[in-house]
Amino acid sequence: MRVLALVSARDYLPPMETLRQMERDDAYPRVTLFEDELGCDVADEAFVARAPRARRLLYRALPMFVAQVIETWMVRRRYDVVITWGERLTLLYAALLLLTFSRTLHVALMYWISPPKKALFLRLT
């Protein structure tokens, strides 16, 4: 099964090998565990940077989280399921799926869904 995980931008992370060593040494939280255990692709800023040139030009004018959501939507058919992690990514991606009548499987991981605006938006999507 091909899985794409849409996660918050991670431009603050050290290089991957350094990060993995820091995780092994318990010097940094295990942020790569999710992708390692699922064997999934991760839609972070490096993922967006690999988009075709025309889309990358568009993405420069957008906030990173919006660019991530759009790029994830653009490549969604390559994957069996898309997992989104975090409220703003999840809600924006869910809205995009709804507006485009997409049938892509979507698993949403959210932290706090009880605020009225979030709850209403979840009911709509």
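What counts as what
- Residues numbered from 1 in each chain as written.
- Predicted model: local features only at pLDDT ≥ 70, side-chain atom pairs only at ≥ 80, totals over all residues.
- Heavy atoms only, no water.
- Helix = DSSP H or I, 4+ residues; strand = E, 2+ residues; numbered from the N terminus.
- Buried < 20%, exposed > 50% of the residue type's maximum accessible area, 1.4 Å probe, protein only.
- Phe/Tyr/Trp six-rings, centres within 6.5 Å; stacked < 30°, edge-to-face > 60°.
- Lys NZ or Arg CZ within 6 Å of the ring centre and 35° of its normal.
- Pairing = 2+ DSSP bridges.
- Axes fitted to C-alpha atoms, helices over the stretch in contact; angles between N-to-C directions.
- Contact = heavy atoms within 4.5 Å.
- Expected span 1.5 Å × (residues − 1).
- Parallel < 35°, antiparallel > 145°, perpendicular 65-115°, else oblique.
- Left-handed = near helix turned anticlockwise from the far one by under 90°.
- Nonpolar A, V, L, I, M, F, W, Y, C, P; charged D, E, K, R; others polar.
- Right-handed = clockwise from strand over helix to strand, strands pointing away.

A. Looking closely at unusual backbone geometry. The phi torsion at Asp26 lies on the positive side, around 55°, for a residue other than glycine. Secondary-structure assignment places Asp26 in the loop between helix H1 (16-24) and helix H2 (33-38). Although it is not a glycine, Phe101 adopts a positive phi angle of roughly 55°. Counting through the fold element by element, Phe101 comes out in the loop between helix H6 (87-99) and strand S4 (105-109). According to the relative accessible area criterion, Phe101 is exposed, its value standing at 72%.

B. Representation of the packing of aromatic side chains in the model. Under the criterion given, the structure shown has zero aromatic pairs. In this structure, Arg76 is placed above the aromatic ring of Trp73, and the distance from its NZ or CZ to the ring centre is 4.1 Å. Positioned over the ring face of Phe65 is Arg88, at 4.1 Å from the centre of the ring.

C. Quick peek at the sheet that holds S4. Taken together, the four strands give an open sheet; going across it, the order is S2-S1-S3-S4, and neighbouring strands pair in parallel fashion. Only two strands of the sheet have a single neighbouring strand rather than two, namely strand S2 (41-43) and S4. Recorded for the sheet is a direction-independent mean angle of 25° between the axes of neighbouring strands. Both strand S1 (residues 3-6) and S2 contribute to a ladder of three bridges, which runs parallel. Residue pairing in the sheet places Leu6 in a bridge with Ala43 of S2. Helix-sheet contacts for helix H5 (residues 64-75) involve S1, S2 and strand S3 (81-85), and the interaxial angle to S1 is about 165°. Together, S1, S3 and S4 form the strand contacts of H6, whose direction differs from that of S4 by roughly 160°.

D. Quick peek at H6. The first and last C-alpha atoms of H6 sit 18 Å apart over 13 residues, in line with the 18 Å expected at 1.5 Å per residue. Of all the residues in H6, the buried ones are Glu87, Leu89, Thr90, Leu91, Tyr93, Ala94, Ala95 and Leu97. Just downstream of H6 lies Phe101, where phi reads positive at about 55°.

E. Main features of the packing of H5 against H6. In the contact formed by H5 and H6, the axes pass within 10 Å of each other and the chain directions differ by 40°. By the criterion of interaxial angle, the relationship of H5 to H6 is oblique. When the axes of H5 and H6 are compared, the crossing they make is right-handed. Of the residues in H6, those touching H5 at Phe65, Val66, Val69, Thr72 and Trp73 are Arg88, Leu89, Leu92, Tyr93, Leu96 and Leu97. A class-by-class count of the residues in the contact of H5 with H6 yields nine nonpolar, one polar and one charged.

F. Structural detail: the pairing of S3. Extensive coverage of S3 is indicated by the burial of four of its five residues. Across four bridges, the pairing between S1 and S3 is parallel. Opposite Leu6, over in S3, you have Thr84 as the bridge partner. Two elements, S3 and S4, share five bridges in a ladder whose sense is parallel. Directly across from Trp85, in S4, lies its bridge partner Leu109. The parallel pair S3 and S4, bridged by H6, forms a crossover whose chirality is right-handed.

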